[in-house]
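Commentary on secondary and tertiary structure
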Amino acid sequence: MKTEFDTAGLVTAALEARGMAYTPYSHYTVGAALLTAEGEIYQGGNIENASYGATNCAERTAIFKAVSEGRRKFSAIAIAGGLEGKEPADYAYPCGICRQVIKEFAGEDFRIIVAKSAGDYKVYTLEELLPHGFGGESIQ
Ligand code: THU
């Protein structure tokens, strides 16, 4: 599996994806950029709903877009979030549901990048963010 990738480029795609978020309720926009094993980037923004629980996070938007188009192998996801119209003030870590969805499709080489800007980011493995997670191997 390819482990080298343009981290700053992926973060830039996540920052751009914030512009596609639909956030009339929280006004907190999140962008995610998912890199496939083939080198394509799928972007997603959070999509809110008047029934708050129906909201879809940016990470899942990007993952579901990719999976629904037949992609199954991924190298990394970059995530950036902050108040609408402003640069991210902090790192936006994926929520628990998104960590679980990432687990479904992430191999050992997968990396999760949380970013404030193209030059200010942190890189994690899924094991660091979801230790002792529940996965398909658990139900074999
Ligand atoms: N949100 C994401 O898009 N990703 C996360 O991992 C955490 C939260 C969104 C959901 C909601 O639209 C807004 O951030 C505030 O919770």
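For the structure itself, consult the block above.
Anyway, here's the lowdown on the structure attached to this text.

Basis of the calculations
Residues numbered from 1 in each chain as written. Predicted model: local features only at pLDDT ≥ 70, side-chain atom pairs only at ≥ 80, totals over all residues. Heavy atoms only, no water. Near = heavy atom within 4 Å. Polar contact = N/O pair within 3.5 Å; in protein donor to acceptor, adjacent residues only side chain to side chain. Areas by Shrake-Rupley, 256 points an atom, 1.4 Å probe, with all protein chains shown as cover. Helix = DSSP H or I, 4+ residues; strand = E, 2+ residues; numbered from the N terminus. Patch = residues over 30% accessible without salt bridge, like charges linked within 9 Å, V, L, I, M, F, W, Y side chains within 5 Å. Salt bridge = Lys/Arg side-chain N within 4 Å of Asp/Glu carboxyl O. Pairing = 2+ DSSP bridges. Axes fitted to C-alpha atoms, helices over the stretch in contact; angles between N-to-C directions. Contact = heavy atoms within 4.5 Å.

Around the ligand lies a shell formed by Ser 26, Tyr 28, Val 30, Asn 46, Glu 48, Thr 55, Cys 57, Ala 58, Glu 59, Tyr 93, Pro 94 and Cys 95. Interatomic distance of 2.9 Å between a side-chain N/O atom of Asn 46 and an oxygen atom of the ligand. One of the backbone nitrogen or oxygen atoms of Ala 58 is found 3.0 Å away from an oxygen atom of the ligand. Contact with the protein chains hides 76% of the accessible area of the ligand, taken as 370 Å² for the molecule alone. For the shell around the ligand, the secondary-structure elements that each account for two or more residues are strand E1 (28–36) and helix H2 (58–68).

On to a nonpolar patch on the surface. Together, Tyr 22, Tyr 25, Ile 47 and Tyr 52 make up a nonpolar patch on the protein surface, roughly 460 Å² of accessible area in all. Among the structural elements, Tyr 52 can be located in the loop between strand E2 (41–45) and H2.

Ordered in space as E2-E1-E3-E4-E5, the five strands form an open sheet in which the pairing is mixed. Each of the sheet's edge strands pairs with one partner strand only, and the pair in question is E2 and strand E5 (120–124). The sheet shows a mean angle of 20° between the axes of neighbouring strands, taken without regard to direction. Packed onto the sheet, helix H1 (residues 7–17) meets E1, E2, strand E3 (74–83), strand E4 (106–117) and E5 and runs at close to 140° relative to E1. Those strands touched by helix H3 (residues 96–105) are E3 and E4, and its axis lies near 140° from that of E4.

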